[in-house]
Amino acid sequence: MSILKIREYPDKILKKKCRPVAVIDESVKRLIADMLEVMYARGGVGLAANQVGREVRVCVIDVRGDGQKKPMALVNPKVTRRKGRVVSEEGCLSFPGVLADVRRAERIHVEALNADAMPVDFEASGMLSRVIQHETDHLDGKTFLDRLPLHKKLKAYYVYRTLKKAAADK
């Protein structure tokens, strides 16, 4: 069982830009395995390392229902091109219970390393594109709420605080 814990707002690590991984060693591979375990346990489809308290550019993604064949780990991911625009509902394990319509690129081009330190270079669309953009935002110290207009952002924070207070009162 993993000892990693999801960091929730207002944890300051969610606003920190993560540093690149210099070497993919056993500790990085263990982090990836632990992150997948935590992501599945919480019912997520993506998770960035800073969401579990690690300030490194690593994320895991599993959207197999959208054409992906197996879970993926991206180390030092970069979105190098964006095309089109789409608005769709997103949630986040660091803001449990909060959903918001977020504008993202429809198609992206991604460059990264996989868990075996091999370069990967691919195009993504649909759910995979949105999750990669969401997770790379985390690695850059941004949350999905940072992409909202001010009035929607304030409403989302209010919903989050209300949910947290209700849970604490139980």
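The model shown is predicted, which means the values in this text are computed figures rather than measured ones.

Before going further, it helps to spend a moment on helix 1 (residues 26-41). For helix 1, built from 16 residues, the straight-helix expectation of 22 Å at 1.5 Å per residue is met to within 8% by its first-to-last C-alpha distance of 22 Å. If you follow the buried residues of helix 1, they end up packed against strand 1 (46-48), strand 2 (58-61) and strand 3 (72-83). After helix 1 finishes, the residue Gly43 shows a positive phi value of roughly 75°.

The sheet built from five strands is open, its strands ordered 1-2-3-6-7 with antiparallel pairing. Looking at the sheet topology across the chains shown, the edges are occupied by strand 1 and strand 7 (119-125). Along the sheet, successive strands turn relative to each other by an average axial angle of 35°, direction set aside. Sheet topology note: the strand 6 (residues 107-113)/strand 7 ladder contains seven bridges and is antiparallel. In the sheet register, Ala112 faces strand 7, and the bridge partner there is Val120. Docked against the sheet, helix 1 engages strand 1, strand 2 and strand 3, running at close to 40° with respect to strand 2. Lying on the sheet, helix 2 (residues 126-139) is in contact with strand 1, strand 2, strand 3, strand 6 and strand 7; it crosses strand 7 at an angle near 120°.

Cut-offs applied
- Residues numbered from 1 in each chain as written.
- Predicted model: local features only at pLDDT ≥ 70, side-chain atom pairs only at ≥ 80, totals over all residues.
- Heavy atoms only, no water.
- Helix = DSSP H or I, 4+ residues; strand = E, 2+ residues; numbered from the N terminus.
- Expected span 1.5 Å × (residues − 1).
- Contact = heavy atoms within 4.5 Å.
- Pairing = 2+ DSSP bridges.
- Axes fitted to C-alpha atoms, helices over the stretch in contact; angles between N-to-C directions.

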